[in-house]
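Working through the structure, step by step
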Amino acid sequence: MPQRWKPSPTIQMSFAVHGMASLAVLATPGHWPWALGALAANHLVLTAAGLLPRSSLLGANLNRLPAAARARREIALTIDDGPDPEVTPRVLDLLDSAGTKASFFCIGSRARRSPALCREIVARGHRIENHGDSHSRAFATFGLRRIGADIGAAQHTLTDITGQVPRFFRPTAGLRNPLLDPVLARLDLQLASWTRRPFDGREGDPQRVYQRLTSGLDAGDILLMHDGYAARTPTGEAVILAVLPRLLHTIAAHRLNPVTLTTALT
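Rules used throughout
- Residues numbered from 1 in each chain as written.
- Predicted model: local features only at pLDDT ≥ 70, side-chain atom pairs only at ≥ 80, totals over all residues.
- Heavy atoms only, no water.
- Helix = DSSP H or I, 4+ residues; strand = E, 2+ residues; numbered from the N terminus.
- Rg over C-alpha atoms; globule rule 2.2 N^0.38 Å.
- Buried < 20%, exposed > 50% of the residue type's maximum accessible area, 1.4 Å probe, protein only.
- Areas by Shrake-Rupley, 256 points an atom, 1.4 Å probe, with all protein chains shown as cover.
- Lys, Arg positive; Asp, Glu negative; His and termini not counted.
- Charge placed at Lys NZ, Arg CZ, Asp CG, Glu CD.
- Pairing = 2+ DSSP bridges.
- Core = buried A, V, L, I, M, F, W, Y, C linked by side-chain atoms within 4.5 Å.
- Contact = heavy atoms within 4.5 Å.

**A few points about the overall build of the chain**
Tallying secondary structure elements over the chain gives 11 helices and 7 strands in all. Whereas a compact globule of 266 residues would reach a radius of gyration of roughly 18 Å, the chain reaches 20 Å, a difference of no more than 12%. Expressed as lengths along the three principal axes of its C-alpha atoms, the size of the chain is roughly 70 × 40 × 40 Å. Residues counted as buried form 50% of the 266 residues belonging to the chain. Counting only carbon and sulfur atoms, one obtains 59% of the accessible surface of the chain, whose full area is about 12500 Å². The positive charge centre, built from 30 side chains, and the negative charge centre, built from 21, are 6 Å apart in the chain.

Printed below as a string of structure tokens:
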């Protein structure tokens, strides 16, 4: 069911700035340079907020698991940009061997090319979440209608293929604009970012990726990795495949329990 959209305090302040600037110009036309400056400063703040993936200034943003999940020693593995016919099956095998569940943020257009693989992800007890349909690098510049169409197409595709309705959305690289939050409310989706990001989409050194994921690792963390568009090690292996076995061992050694985002919020 669609949620009722409640603008964040930052968005409410933006509405107020626009309203006061308009009234100021109507009351005293000569004040238009001040009004224009206020609007420019406001849009600069909104743009900066959209460039901070873990920020909640533009709306609710899950970047760490709630207190109840932390008390249960839970963390969440989230895996982006798939499904990848070469990498994803091997990731699933590694997760199975450790008895671990993960949330896969899948791209709609890639899911349509590998529907059986999407169904396999779900069959093995994982969750599939929404990572948009196009995975456009320009997503943060989309207008309201295009944002809705892109996310809606992926939501339809992933639900139709798996029978499982995604509950979370993550934009490309975590970048967004103020128009995203009302779209997510209408589609009954929750924005999810991360606690730890290893940049394994461009970092080919497994040791650096591992260190970024495990330095200070603690209950409640949301870890981000990539099965699609993964960087490659010097030997040509997807970084996630080189890092995941060691990462899962470390998680177990810390007595942490990897769960899906849905489980963590239950």
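**Side note on the pairing of strand β1 (residues 74-82)**
Where burial is concerned, most of β1 is hidden: 9 out of the 9 residues are buried. Pairing of β1 with strand β7 (residues 257-259), which is carried by 3 bridges, proceeds in the parallel orientation. Bridge pairing in β7 links E74 to N257. Pairing analysis gives 5 bridges linking β1 to strand β6 (residues 222-226), with the strands arranged parallel. When the sheet's bridge partners are listed, I79 is paired in β6 with M225. When β1 meets strand β2 (residues 103-106), the two strands line up parallel, connected through 4 bridges.

**Here's the deal with the nonpolar core**
Core analysis: the biggest nonpolar cluster contains 36 residues, and V91, L95, F104, L247 and I251 have the highest contact counts within it. Elements with a minimum of two residues in this core: β1, α4 (88-98), β2, α6 (115-123), α7 (144-162), α9 (206-214), β6 and α10 (239-253). Take this core: its biggest share by element is 8 residues, from α10. In this structure I251 touches I75, L77, L217, L223, L256 and P258, once residues within four positions along its chain are discounted. Membership of the second largest hydrophobic core comes to 13 residues, among which are L62, W194, V259 and L261.

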